[in-house]
Structure formats: C-alpha cells, structure tokens
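If you want the building blocks of each chain, they are given just below.
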Amino acid sequence: MSEPTVSVALCTYDGARWLGPFLDGLLAQALPPHELVVGDDGSTDDTLAILAAFAERAPFPVRVEVNGRRLGSTMNFGATFARCEGELIASADQDDVWAPTKLARLAAVMAADDLALAFSDGSVIDDAGRAVATTLWEGVGFDAAEQRRFDRDPLGLLVRRSVVTGAAMVLRADHLDRLLPFPAALDAAASPMLQDRWAALVLASVARIGRVAEPLIAFRRHAGQQTGL
C-alpha cells in the first residue's frame, strides 16, 4: 500500500524563537510531509524570514499565507486546514518539537484501525528545551482508568473532558466538511473548547478515533503560549 499524503498545518505568530527546532523535526520525519501549509497571523519578528529560508531547503512544498487581519489561533487553524491538500492533516504549533516517528506512527494506526482521527501522548519541555517531569496525558489527568474509559466510549469521555492536544493529533481531510467552518463560539472568550476538542468531539460522533500512548511530541511550556497544561 502507498503511504498517505500528510499536510502539516502550522499556525504562526511571532514564533521566531521556537521555529528552528520545530522545522528541524519536520525534516527528520520517517514519513515526510507532503507539504507544510502555514497560516501566519501577522508576525512582526523574523518568523516569515525563517519560513522563507526553510522553504528554500525543504524537500517538500512550503506554502505560507499571511492573514490580512488577526484571526486568532482557532480561526487561523480553520483557515489553514482549509488550504491543505493531503489525505491526512497534522495540526502543528510553532513551539513544539516532534519525534521523528510522529507522522509515520499516527498514520499507521489510522490506517490499521480505520480511524478518522488519532492523537498521542507527549513529553513536556520548558522554554529552554529541558525536560519537565510530567506528560501531556498526566497533565490533563488522562490516566490508565480514563484511557480504558476512552477505549470503551471515546465520545462519552470527550463530552466530559478534553484530552486531545491539537499538536499531537492527525485527522483525515475527507472529514473537513464536518469540521469547517469552525463555529464562531469557539473563538469566544468564554468558549468551553478550542479547535482540537471540537475536532475530536465531532469526529468521535460520526466515526472512529483512537489514541497512541507513545509521547510523539515534546510540548513546550513557556510564559508566552496561549494554552498550557
């Protein structure tokens, strides 16, 4: 069987400090991306210059669009997802670091189990890249008992709580019409969820989703991030 095409959907905003390790991680993927699709939300630092330089050396297309007005991260992801051309879409944050097996492992699980979405655990690092003594799943209380509940009834668990981190998930592009456009309520200050929980809830309602217990990303925790543990 041929390997699926994977679009990496990256949203950026003043991410120059973090982009280098993330982009190096893309080049190291065992399953190379089909493309990198970037939505920049009006960066004023060197983010766009770094992306332009990366596009010159990347072995896959890099398509960058600068938003005409600030969208915020949720709606920026919606616009970026819509421009992806791959069979699978991997959501990406500018400040994380991916394991070389991330795309290959999640794509393989999705193919084997006929999943619409798969997500993994992740390690946690600080702003200098030093390991923090927790994981993504530990940080949200997704322990062994909760994982068993998820395996029995993914939607039932997701209705109660958020356990899917966007940067650790991959979804099938042929489900985008169920997800987009994102409801305006997702962008509200009092919204109970962001785009990752929305995607997981919707797809768990209509298809199969699954988890991979391996830490396939290093989630960077720092003062400037929009969401944390």
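Fair warning: this is a prediction, and the values are worked out from it, not measured in the lab.

**Considering the pairing of strand β6 (residues 117–125)**
Argument step 1. When you tally the buried positions in β6, you get eight out of nine residues, the bulk of the element.
Argument step 2. Pairing analysis gives three bridges linking β6 to strand β8 (residues 169–172), with the strands arranged antiparallel. Bridged to Phe 119 within β8 is Met 169.
Argument step 3. Summarising the sheet, β6 and strand β9 (residues 209–220) pair through nine bridges and their orientation is parallel. Among the inter-strand pairings, Leu 117 is bridged to a residue of β9, identified as Ile 209.
Argument step 4. Sheet topology places β6 next to strand β7 (residues 131–135); three bridges connect them, and they run antiparallel. Bridging across to β7, Val 124 finds its partner in Val 132.
Argument step 5. Taking the residues that link successive antiparallel strands as the turn, the β6-β7 hairpin has five residues, and the phi of Gly 129 there is positive, at about 85 degrees.

Calculation rules
- Residues numbered from 1 in each chain as written.
- Predicted model: local features only at pLDDT ≥ 70, side-chain atom pairs only at ≥ 80, totals over all residues.
- Heavy atoms only, no water.
- Buried < 20%, exposed > 50% of the residue type's maximum accessible area, 1.4 Å probe, protein only.
- Helix = DSSP H or I, 4+ residues; strand = E, 2+ residues; numbered from the N terminus.
- Pairing = 2+ DSSP bridges.

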